[in-house]
Amino acid sequence: MKTRLLSLKIILAILLILPLFPAGPARAGLTSTPFPDVDSAKYSWAVQSITFMAQSGVLQGYPDGTFKPGQYVNKEEWAVMVYRLFDKYRPSLRSDALNYSRPSYVDVPPSHWAYREISDTFVAVADMTVTARGGNSLFNPEYAFTRWDLAMMLYGLYGIDGGPESTNVCGDMNRFKDITTRLFNTENELESFRDKDNRYNSELPPGTIYPILFLKEADGTCGANYDDYSALAAGALIEMNKTGILTADAAGKFYPSAKLTRAEAVTVLHRILDHLKTRGVLGNYSSINPTGILRPVPMPAPKPGEAAEGPGPFDRDLQRDGEFNTIVYPNGKKYMRLELTSKDAADLYLYMNGDIAFLRQEELPRYIQVDRVSQIGIKSQSRNPEKRSPLAAYPATLKVTFHDEIPSTGTGTGTGKPGKDNGGQTGGITAPPGAAAVQDLRSQGEINQTFAPNGSKYINVNLVSQDKVDVYVQLGTGTAFLKQEELPAKVNVQGMSSVTVRTQSRNPEKRTSQQTYNAYLYVTFSN
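Scope of this entry: the structure provided in the associated data block. (Residues numbered from 1 in each chain as written. Predicted model: local features only at pLDDT ≥ 70, side-chain atom pairs only at ≥ 80, totals over all residues. Heavy atoms only, no water.)

## Quick look at the state of the cysteines
Point 1. The final tally for this structure, using the stated rule, is one disulfide.
Point 2. Disulfide partner of Cys 170: Cys 222, at an S-S distance of 1.3 Å. Of this pair, Cys 170 sits in helix α6 (residues 169-173) while Cys 222 sits in strand β5 (residues 222-223), and the two are 52 residues apart along the sequence. (Disulfide = S-S within 2.5 Å. Helix = DSSP H or I, 4+ residues; strand = E, 2+ residues; numbered from the N terminus.)

Here it is as structure tokens:
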């Protein structure tokens, strides 16, 4: 399996090429654009940039004369705009000590309409949206950028630098209220956590956001330089915010999962152009001279579900708008209920505390215990997008709700099969939706269930019980013992044809005959 590795030496080399200059002053801007669908009041923050880019030949309207400012920008469209704007910057054609080379992507053949723009402009520095399949690199040209993707890519490719290097990275990162971070006391703890969350696995789909990992130093300070991904992400967020190119809002939210619209894309490019001019290095990148730019101008917060806020419901056309990619916040609630309805088959990835869970659409609706997490990333993944008709719509709705307790679901069927809001029962005990097994441990004994991983790499185990109960996960190579306090937990089951999960109560002799001792076992599989 190929891994996605970053080279901070290359990134630092880029930064060293460019001298440091202070940010430029704000200037007056324009109030109208040549496009009838760009409302000057609604898009007041983007009007100047849209007009400037149109006049400079960087972008064009659609055949009907519109600009479609709210439409998302994908990678191939971004590459064309970057190629036209930074007409002197061709990193893949450089032959200097940085040793860049022209990339080769199996999904961008020479016949691709943007082959030249992509091949001349993009190199594998900080572009975490490049993935791999079967040993081949994928550019993912139709993938719509998120703000997180863009911050890291811009920081790596253009050396965005707002001044002296931060001496308090962890403190600076505290301003971002929707960015997940983890602080470790030892390097071994950090490496152990990092190695489990697949952050360098290039075969995962683009769009995954991993926690930034910090290590507590001997002097009490903390740093992010013990993990390449974390160092790049922390540096990018701090510098983008400092320069005003891509910022957190007044409440401290950066909206990392927000997709970039056309209006936002040209505004970001305009700000970069002005930033490079202010630093005195624009001639290395572009022959286009920005004049009268108004910066920084706050962009509006992304729409709920498009980027950052829950719980929805969220509606979108998976063909036109792309996959769901959102962050939701439990706000102290114990359970999250997920439901996805879609015209074609689409599954969900959940990102919680650095762990990734995979839920097939057939497993939904489902309740997930979330009382130990502050935020949850949710991303959909269509199974067969290549089979869609380009003329058809593919509507989908994602519903997310949070609960203190799992609601009662009715009388059920008495089958005891894993529940999907069907009220399945075992021995008169109602199974909560999403539970793989449920029973009264006093009257029915311990849970003992066997599951088939079906090629998945990990089994994710959680248990809700009225008394103290631990879990044994029996594998072909041995048995893993999980204390209830360690749950939820993830165990590697790669290569296993079956996995048996059984419970073990700690003090069954202390139970009373008048009380039930319900236990709910939750099992999912992920890669």
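Read on for the rest.
## Considerations on the sheet that holds strand β8 (residues 335-342)
Point 1. With antiparallel pairing, the four strands of this open sheet are ordered in space as β6-β13-β8-β11. The sheet is open, and its two borders are formed by β6 (314-317) and β11 (366-369), each paired with just one other strand. Between one strand axis and the next, the sheet turns through 20° on average, direction left out of account. (Pairing = 2+ DSSP bridges. Axes fitted to C-alpha atoms, helices over the stretch in contact; angles between N-to-C directions.)

## A short note on the environment of Lys 343
Point 1. Within the secondary structure, Lys 343 sits in the loop between β8 and β9 (346-352).
Point 2. Dropping the residues within four chain positions of it, Lys 343 is found in contact with Ala 392, Ala 393, Tyr 394 and Pro 395. (Contact = heavy atoms within 4.5 Å.)

## Considering the packing of helix α2 (residues 47-55) against helix α9 (residues 262-278)
If you want to describe how two helices pack, look at the angle between their axes and the distance between the axes.
Point 1. Interaxial distance between α2 and α9 falls to 8 Å at its minimum, and their mutual angle equals 80°. What the angle tells us is that α2 and α9 run roughly perpendicular. Contacts between α2 and α9 involve Gln 48, Ser 49, Ile 50, Phe 52 and Met 53 from the first element and Ala 263, Val 266, Thr 267, Leu 269, His 270 and Leu 273 from the second. (Parallel < 35°, antiparallel > 145°, perpendicular 65-115°, else oblique.)

## Some thoughts on the sheet that holds β5
Point 1. Ordered by their spatial adjacency, three strands build an open sheet running β3-β4-β5, and the pairing between neighbours is mixed. The two strands at the open ends of the sheet, each matched to only one other strand, are β3 (181-184) and β5.
Point 2. Pairing geometry for strand β4 (residues 212-216) and β5, over two bridges, is antiparallel. Bridge pairing in β5 places Leu 215 opposite Gly 223.
Point 3. Most of the contacts of helix α7 (residues 187-196) go to β4, to which it runs at about 165°, and overall it touches β3 and β4.

## Structural notes on the pattern of salt bridges
Point 1. Under the counting rule described, the total for this entry stands at 15 salt bridges.
Point 2. Two residues, Glu 339 and Arg 337, come together in a salt bridge whose shortest N-O distance is 3.0 Å.
Point 3. When its relative accessible area of 21% is taken as the criterion, Glu 339 is described as partly exposed.
Point 4. Salt-bridge contacts for Asp 347 lead to Arg 383; the nearest nitrogen and oxygen are separated by 2.7 Å. Of this pair, Asp 347 sits in strand β9 while Arg 383 is found in the loop between β12 (376-382) and β13 (395-403), placing the two residues 36 residues apart along the sequence.
Point 5. Exposure remark for Asp 347: the relative accessible area of 4% places this residue in the buried category.
Point 6. Each of Arg 194, Asp 195, Arg 199 and Asp 227 takes part in one network of salt bridges that share partners. (Salt bridge = Lys/Arg side-chain N within 4 Å of Asp/Glu carboxyl O. Buried < 20%, exposed > 50% of the residue type's maximum accessible area, 1.4 Å probe, protein only.)

## A closer look at unusual backbone geometry
Point 1. Residue Pro 488 is bonded to the preceding Leu 487 through a cis peptide linkage, with omega at 0°.
Point 2. For Pro 488, the position within the fold is in the loop between β20 (478-482) and β21 (489-492).
Point 3. The phi angle at Lys 68 is positive, at roughly 55°, despite the residue not being glycine.
Point 4. Mapped onto the elements of the fold, Lys 68 is located in the loop between α2 and α3 (75-85).
Point 5. Taking relative accessible area as the criterion, Lys 68 reaches 29% and is therefore assigned partly exposed.

## Quick look at the nonpolar core
Point 1. Within the largest apolar cluster, 72 residues are counted, with the highest numbers of intra-cluster contacts made by Trp 78, Phe 86, Met 173 and Ile 212.
Point 2. Apart from residues lying up to four places away in sequence, Met 173 is in contact with Ile 179, Ile 212, Phe 214, Ala 234, Leu 237 and Ile 238.
Point 3. By size, the runner-up hydrophobic cluster in this structure holds 23 residues, among which are Ile 447, Val 461, Val 493 and Val 523. (Core = buried A, V, L, I, M, F, W, Y, C linked by side-chain atoms within 4.5 Å.)

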